[in-house]
Amino acid sequence: MPPEPKETPAMTFAVRRREPVLVGPSKPTPRETKRLSDMDDQEILRSHVPFAFFYRGGVHAHADDDDPAGVIRRALGEALVPYYPLAGRLREVEARKLVVDCTGEGVLFVEADADVRLAELEAAAGVLAPPFPCMDELLFDVEGSSGILNCPLLLIQVTRLLCGGFILALRLNHAMCDATGIAQFISTVAELARGLPAPTTTIAPPWSRELLDARNPPRPSFPHPEFDAVPPPPPPGDDMVTRTFTFGTAEVNAIRKLLPPSLRDTATSFEVLTAAVWRARTAALALSHSHERLAFVCNVRGLPELGIPAGYYGNASVLATADTEALVAGSLGDAVELVRQAKATLTAEYVRSTADILVLRGRPRVAMASNMLVVSDNRRTGFYGVDFGWGVPVFAGPCCAMPFCSFILAVRNGDGENAAALPIMLPRPAMDRFAAEVERLLKG
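Predicted model only: the values in this text are computed from it and were never measured.

**A short note on the overall build of the chain**
Assigned secondary structure in the chain consists of 11 helices and 16 strands. Principal-axis analysis of the C-alpha atoms gives the chain an extent of 60 × 55 × 40 Å. For the chain, the proportion of its 444 residues judged to be buried stands at 58%. A separation of at least 24 residues holds for 81% of the contacts in the chain among residues at least 6 apart in sequence. About 17900 Å² of surface is accessible on the chain, with carbon and sulfur atoms providing 53% of the total. Between the mean site of the 44 positive side-chain charges and the mean site of the 52 negative ones, the chain shows a separation of 2 Å.

**A few points about unusual backbone geometry**
Pro-130 connects to Pro-131 through a cis peptide bond whose omega is 5°. Relative to the helices and strands, Pro-131 resides in the loop between α2 (118-125) and α3 (135-138). In this structure, Pro-217 follows Asn-216 across a cis peptide bond, with omega equal to 0°. Residue placement: Pro-217 occurs in the loop between α4 (179-193) and β10 (240-247). One non-glycine residue with positive phi stands out, namely Ser-208, at about 50°. Topologically, Ser-208 is positioned in the loop between α4 and β10. The exposure class of Ser-208 is buried, given its relative accessible area of 18%.

**Digging into the nonpolar core**
Counting residues in hydrophobic clusters, the biggest one holds 101 residues, and the most contacted among them are Phe-13, Phe-54, Leu-121, Val-300, Val-351 and Phe-434. No other element matches helix α7 (residues 269-285), which puts 10 residues into this core. What Val-300 contacts, discounting residues up to four positions off in sequence, is Leu-306, Ile-308, Ala-316, Ser-317, Val-318, Leu-346 and Val-351. Counting 51 residues, the second largest nonpolar core, distinct from the first, contains Leu-36, Phe-53, Ala-87 and Trp-207.

**Description of helix α11 (residues 428-442)**
Over its 15 residues, α11 extends 21 Å from the first C-alpha to the last, a length consistent with the 21 Å expected when each residue adds 1.5 Å. Against β10, α5 (249-256), α7, α9 (332-344) and β16 (418-427) lie the buried residues of α11.

**Some points on the pairing of strand β4 (residues 48-55)**
Along β4, eight of the eight residues are buried, which leaves the element largely enclosed by surrounding structure. Along β4, one buried face is formed by His-48, Pro-50, Ala-52 and Phe-54 and the opposite face, lined by Val-49, Phe-51, Phe-53 and Tyr-55, is buried too. For β4 and strand β9 (residues 166-173), the ladder comprises eight bridges, and the chain directions are antiparallel. Within β9, the residue paired with Phe-54 across the bridge is Ile-167. Bridge count between β4 and strand β14 (residues 395-398): four bridges; the pairing is antiparallel. By the bridge assignment, Phe-54 is partnered in β14 with Phe-395.

Calculation notes
Residues numbered from 1 in each chain as written. Predicted model: local features only at pLDDT ≥ 70, side-chain atom pairs only at ≥ 80, totals over all residues. Heavy atoms only, no water. Helix = DSSP H or I, 4+ residues; strand = E, 2+ residues; numbered from the N terminus. Buried < 20%, exposed > 50% of the residue type's maximum accessible area, 1.4 Å probe, protein only. Contact = heavy atoms within 4.5 Å. Areas by Shrake-Rupley, 256 points an atom, 1.4 Å probe, with all protein chains shown as cover. Lys, Arg positive; Asp, Glu negative; His and termini not counted. Charge placed at Lys NZ, Arg CZ, Asp CG, Glu CD. Core = buried A, V, L, I, M, F, W, Y, C linked by side-chain atoms within 4.5 Å. Expected span 1.5 Å × (residues − 1). Pairing = 2+ DSSP bridges.

Encoded structure:
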């Protein structure tokens, strides 16, 4: 069956929040200033990113701890001891360079109750994936908290549900961590919440941000079209909608059948879905092909030449860019090959070249073309292993979509099997065409 597109469910519920509080490290921590890396210091990362974790609840690993908000708040203070920079505040020094003042002021924490059951959210959604109803209530924008400088670096809201389940939503200042980094921190909070005397991840997570600084002098060795200036796209209109498309094994295999034999058994689900979604989106937007961009986020922690230590929680990701002219002109198989070629550029030299060009050009923004899509695969970040003592989450991951960015998320489809969900944001007429393109792909 074609993936059922899902818009925000038409449901509302009341959420009662207590006053936000600051949670600082539970023990004294160093008071110092730490420089962020040149990779952290990108203009595009000076933003806040929301994530959500949905839990069924039940009996906690320790029967006397039955309130998720209290358990998580206590564990959060303990986790901020080794991760004390997250309790600080960002400021700029020379040439707008970001540093974190490790002040121990803490992160924002909100405790709340919602008049809804998890089963009701699941029934309204079909597949529990973004966009979620009332997300602005489940992650309330505390006044004065959304700035980049001199503001808390994390906002966390724990909302208890009528059924005994709960939702943990958080908003992260992206300059501090990437998805892998924040998953590592939240996993540490979860282990401490389960009563472990110390986290099994990293007792003293390394800072080591200088490893992703530009060389001196900078000497880019790759073209970086993701930063090349193009005419900016028109601003998004008022009629933008977000839908999530879910692809189980059957749907991915249906797309594979359109590939040449040499690729059917070797292409990864990421390559298949990225190529297929980009082509469907291009057709749906019906734009001229003068400025095309397809890029995807690549975690570089596994490149041994960079020497990034275990437990590193900064931004350790770069954008790889596919040759979009060939993408438009070629077949789906050609698109998969081009995605592969872009992935193959991911070397330590490419990462250093990225840092160099960021400094050489004064932190250029990623150039948003009229048809621009950035894909970020979050299925292996570790979000689904985050267990605060009530079991693993029903959903875990980013909970937003943007006009030029889509996440690949791990979910369970209507049949209960593991699947990939892709939230897409498009103008409503283009969304209808996109859904038709996806259905056409799946029918061969």
